[in-house]
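# Structural overview
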Amino acid sequence: MFAACGRQIFISLTHADHRLRNYLTSFLSTVSFDPFTTPLLTKAQKTPTLLNPLALIPACHNSQFSNCNNRMELKEVLQILEQLAPLSLAESWDNVGLLVEPSTPRPINTILLTNDLTDTVMEEAETLCCDLIISYHPPLFRPIKRLVQRDWKQRLAIRAVEARMAIFSPHTSWDSMRGGVNDWLIGGLGSGHVTVLSQALCGGPPTQRLEFTVKSDEELNTVMEELKACYSSAALQHSSSRSENSGIHVSFTCSDLALPHFVQTLLGHTVLSQSLTITKLEKHPLPGHGQGRMSILDQPVTVATAVEKMKTHLSLNHLRLALGVGQTLDSLVYTVAVCAGSGASVLNGVKADLYVTGEMSHHEVLDAVAKGTTVILSDHSNSERGFLSVFRERLALRLPEAVSVLVSQADRDPLQVV
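Residues numbered from 1 in each chain as written. Predicted model: local features only at pLDDT ≥ 70, side-chain atom pairs only at ≥ 80, totals over all residues. Heavy atoms only, no water.

All right, on to the sheet that holds strand β8 (residues 110-114) then. Across the sheet, which stays open at both edges, the five strands sit in the order β6-β10-β9-β8-β21 with mixed pairing between neighbours. Two strands in the sheet have a free side with no partner beyond their single neighbour: β6 (97-100) and β21 (404-407). Adjacent strand axes in the sheet meet at a mean angle of 25°, parallel and antiparallel pairs treated alike. Relative to strand β10 (residues 166-169), strand β9 (residues 132-135) runs parallel, the two being bridged by three bridges. Looking across to β10, one finds that Ile134 is bridged to Phe168. Along the sheet, helix α13 (residues 387-398) makes contact with β8, β9 and β21, crossing β21 at roughly 175°. (Pairing = 2+ DSSP bridges. Helix = DSSP H or I, 4+ residues; strand = E, 2+ residues; numbered from the N terminus. Axes fitted to C-alpha atoms, helices over the stretch in contact; angles between N-to-C directions. Contact = heavy atoms within 4.5 Å.)

The structure is reproduced here in structure tokens:
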């Protein structure tokens, strides 16, 4: 219920949640009241116009207020995120994908991108009435046994659940993908011939190829039925070829997990087991995808110029610099290797004039410098955060105009130069 009384407005909210309250607050800031009349006057209007506060709620924001045709469900947004950066590109140790999922399906109208999900970013998300937070770093990484208030990351998860916000993290899948964080980072030094430092391999579980020989079709059928039964492999596919002298040669593939079960079954056939061979199949490389990048610059630059270019690219006033042995600010940089975040494990052993990463330990920097490599450090998240704006544009192009994709204004690296 809305009623003007002098210069006050009384609001009775029965079933509205905090999102409606936020929009009503915004609504009230745009209107003024005549103390002797009830019509609401917008500041931009000269004549009284009755306004419907619910009309100010963005279309598709909440299913109880709208039934818009352009609404996007969470699963649809997740499909688009997967198309842009397959989660299979992430490192095996990483915790990526959907981390928090609301129990009740809801349309996605506002998406907030952040490098880290902190208390201040969560407050921003609540103010913006976000439906989905895409946090580059996973706020939930290690297994948890409880959700309690004394742990700051668990508090964030609780707040997301209470606000019915979903949380998604891409992390190393964005690092690895072609055109991802590392390609963006190395682009700050100009064009060049770019290669991947640690090549990504095709997804899927590791596979093994098993080959053996049987004497007849009857024996083949018996063995295949046993194999299907031993590991619930109703869809097990095999190939076979006949030879007049050696019988029927059979080949099929299986996962590492299924391998012991199949081998045990095959070893139960004495003659067959004598011909059994097992070959581990290597995964195919994915060109352009992987961790870290190396560039042979089209136009070599001095160390001093490289520093200024990276300051501009990262929107920073300061960087940390360690000159390689025998190098000066006027030394030319022909080759550069980068790895966003904490890149020492990827950069270690790479021969280049310059390393660019977020952070390295004291001794890792000393090792690089001793080999004549100059090191630029930006602090961890500063080497990643700028990519959020790039990804925002890509994601927005794939979503209806009714869906807002925003980059957090509260997100920042915890370290400051003072």
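Here the narrative resumes, following the displayed structure.
Turning next to helix α12 (residues 362-370). Looking at α12, one finds that the buried residues are Val365, Ala368 and Val369. Looking straight down α12, one finds its buried side chains confined to an arc of 100°; they lie on one side. Across from the buried face of α12, at angles greater than 90 degrees, the exposed residues are His363 and Ala370. Contacts from the buried residues of α12 go to β17 (320-322), β19 (354-359) and β20 (374-377). Directly beyond the C-terminal end of α12, a positive phi value near 90° is found at Gly372. (Buried < 20%, exposed > 50% of the residue type's maximum accessible area, 1.4 Å probe, protein only. Arc of directions from axis to C-beta.)

A complete count under the given rule lists seven aromatic pairs for this structure. Between Tyr136 and Trp174 the ring centres are 6.1 Å apart and the planes differ by 35°, which places this aromatic pair in the tilted class. Of this pair, Tyr136 sits in the loop between β9 and α4 (152-162) while Trp174 is found in helix α5 (residues 172-176), placing the two residues 38 residues apart along the sequence. Ring plane angle 75° and centroid distance 6.4 Å describe the contact between Phe212 and Phe252, whose orientation is recorded as edge-to-face. Of this pair, Phe212 sits in strand β12 (residues 207-214) while Phe252 sits in strand β14 (residues 247-255), and the two are 40 residues apart along the sequence. The same class applies to Phe212 as to Phe252, namely buried. By way of ring pairs, the aromatic residues Tyr136, Trp174, Phe387 and Phe391 are connected into one cluster. (Phe/Tyr/Trp six-rings, centres within 6.5 Å; stacked < 30°, edge-to-face > 60°.)

Read across the open sheet, the six strands follow the order β11-β16-β18-β19-β20-β17; overall the sheet is mixed. Of all strands in the sheet, those bounded by a partner on one side alone are β11 (192-201) and β17. Pairwise comparison of adjacent strand axes, ignoring direction, gives a mean angle of 25° for this sheet. Direction of pairing for β19 relative to β20: parallel, over a ladder of four bridges. Residue pairing across strands places Tyr355 opposite Val375, the latter belonging to β20.

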